[in-house]
Amino acid sequence: MLHVHGLARRFDTGTVALSGIDIGVGAGDFLVLLGPSGCGKSTLLRMIAGLDKPTEGRIDWTAGRPAPGEIGFVFQEATLMPWETALRNVSLPLRLRGAPDADARARKMLAQVGLGEFAGARPATLSGGMRMRVSIARALVSEPKLLLMDEPFAALDEFTRHRLQDELLELTRARGCTTVFVTHSLYEAAYLGSRIVLMTPRPGRIAAEFPGQPGHDRLDAGYLARVGELTRALRDLQLAA
Amino acid sequence: MRRLSAGWWAPLISFMVALGLWQAAVMLTLVPPYIVPEPLAIIQAFAADWPGLLRALVATLTVTFAALLAAVILGVALACGMAASRWARAAIEPWAVILQVTPVVAIAPLIIVWIGDPFTAMVVCATVVAFFPVFSNTVSGLAATPADLLDLFRLNGASPLQEILWLRLPAALPYFLAGLRVSGGLALVGAVVAEFVTGAGGVASGLAFRILEAGYRLQVPRMFAALALLSAAGLAINAVLGLVSRRLLASRT
């Protein structure tokens, strides 16, 4: 779907966030970017989304750069409009493009994330997990080709996080949606990723890549082995630093 | 319920206590009524000329609300202009500061000379006073739009108009309403100052003119009655705008 060539990002302050990033994302991948805070994972995600520009390198798209609405983005916070209902928040990407069936599609999407009964609720009346579900529904409602997620579950409790991870895998599988997911949790990376890319501390570079098998039982030996493998890689990275 | 009771009873009791102390102080010190009249004399002065005072209040409030409306339209429009373009921001900001720091009494004579019509001149003077809080708060609110939501709008190809109408203005509403509450009070202050400066009398004269007139005639209780009406109007404007603000923002918390 896309290939990142020699991407680097230096901020005006002189801080180098990313350096020499080469990575490909294939259609249907669930690519997890794993790394410590401040290693430039979110910057890379923003550059893929077109929200930030690289100082070096480029991003090539196999089928051309996606049109507005063809990239779904989920932020670390739910980032909902507090003055709108859950339904109006979800339908936003469709309404911005003047889609006539915006409300009907948003209602269906809300039902798919288990919030069909909360269409008329304001964000302030929803729990943190429910707000994040609304945010995911908003990102998926326009059937994007690429879903970008920036540590969306970092602020949630363990129970809600596990449930949302399962729901996310179901939703992306059902749509065949390519996903790039940023996290600093190696458990989350091991559970979700079909490919796990480990990044070094700032300036972020790609340290290693691991294959994954999304959605395995959390007590499964394969999943636990992958967690062990990532832990080892992280330790080696720390020792090398 | 407890909060509502405290919110109503505490100011009412403090007001009654203050009135009682005032009445007692005047009676005990025997201050002549043309210096400080007792509250009962003020009530009597109001009862003696309440239709005239209420007409004057309506005249002052007409200028106040016309000025508040003009300040809102002008303030929001200029704030939106500043949010839309850095050039517009750089061009508008100094003018807004000049308007803020220039005392209205200093420019009121010029406004009167330029405009001529007393009512319009008073509205313009009061608008100058009321403009800044609603303008600067709206500017702050528009600038404080969450960056992630702005990114979301851009990712989905929102037009600049959609960004302003669907995102920046609703996001700025709490700031705007806080500014509106301050501007509401200032519009009243501006209207009174404008009446003083223009010296507009006649049938449609406002409370400021009544205060001046009563002062010339040494009708001090009548002056206080007009002042009390002004204070009550200020409190009412503040309370109504507070209520509007709470209603509009209730769903967000």
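Model, not experiment: these values are computed from the prediction. (Residues numbered from 1 in each chain as written. Chains lettered and ligands numbered in written order. Predicted model: local features only at pLDDT ≥ 70, side-chain atom pairs only at ≥ 80, totals over all residues. Heavy atoms only, no water.)

**Q** So what exactly am I meant to see when it comes to the side chain of Thr172 of chain A here?
**A** You can see Thr172 of chain A is positioned in helix α5 (residues 158–175). At a separation of 3.2 Å, a polar atom in the side chain of Thr172 of chain A contacts the main-chain carbonyl oxygen of Leu169 of chain A. (Helix = DSSP H or I, 4+ residues; strand = E, 2+ residues; numbered from the N terminus. Polar contact = N/O pair within 3.5 Å; in protein donor to acceptor, adjacent residues only side chain to side chain.)

**Q** Would you mind going over the sheet that holds strand β3 (residues 30–34) of chain A with me for this structure?
**A** Two pairing modes exist for strands in a sheet, parallel and antiparallel, and in both the strands are linked by backbone hydrogen bonds. All names here are of chain A. Judged by pairing direction, the sheet is mixed, and its six strands sit side by side in the order β5-β6-β7-β3-β8-β9 without closing on themselves. Only two strands of the sheet have a single partner each, and these edge strands are β5 (71–74) and β9 (206–211). This sheet shows a mean twist of 15° between the axes of neighbouring strands, independent of strand direction. In this fold helix α1 (residues 41–49) packs onto β3, β5, β6 (146–150), β7 (178–183) and β8 (195–199), with an angle of close to 150° to the strand it touches most, β6. Helix-sheet contacts for helix α4 (residues 128–140) involve β5 and β6, and the interaxial angle to β5 is about 165°. (Pairing = 2+ DSSP bridges. Axes fitted to C-alpha atoms, helices over the stretch in contact; angles between N-to-C directions. Contact = heavy atoms within 4.5 Å.)

**Q** Hey, could you run me through the packing of aromatic side chains in this one?
**A** The relation between two aromatic rings is expressed through the spacing of the ring centres and the mutual angle of the planes. All chains considered together, the criterion is met by seven aromatic pairs over all chains. With centroids separated by 5.9 Å and ring planes inclined at 35°, the aromatic side chains of Phe30 of chain A and Phe181 of chain A adopt a geometry described as tilted. Taken together, the positions of Phe30 of chain A in strand β3 and Phe181 of chain A in strand β7 put the pair 151 residues apart, joining distant regions of the chain. Taking the centre distance of 5.0 Å and the plane angle of 20° together, the rings of Phe131 of chain B and Phe135 of chain B count as stacked. In this pair, Phe131 of chain B and Phe135 of chain B are both assigned in helix α6 (residues 118–143), four residues apart and thus about one turn of the helix distant. Residue class for Phe131 of chain B comes out buried when judged on its relative accessible area of 2%. Residue Phe135 of chain B is classed as buried on the basis of its relative accessible area of 4%. In this structure an aromatic cluster arises from ring pairing among Phe30, Phe153 and Phe181 of chain A. Stacked on the ring of Trp166 of chain B, the Lys or Arg Arg95 of chain A has its end atom at 5.2 Å from the ring centre. The residue whose ring lies beneath Arg218 of chain A is Tyr191 of chain A, and the NZ or CZ to ring-centre distance is 3.7 Å. (Phe/Tyr/Trp six-rings, centres within 6.5 Å; stacked < 30°, edge-to-face > 60°. Buried < 20%, exposed > 50% of the residue type's maximum accessible area, 1.4 Å probe, protein only. Lys NZ or Arg CZ within 6 Å of the ring centre and 35° of its normal.)

Purely geometric numbers; function is a separate question.
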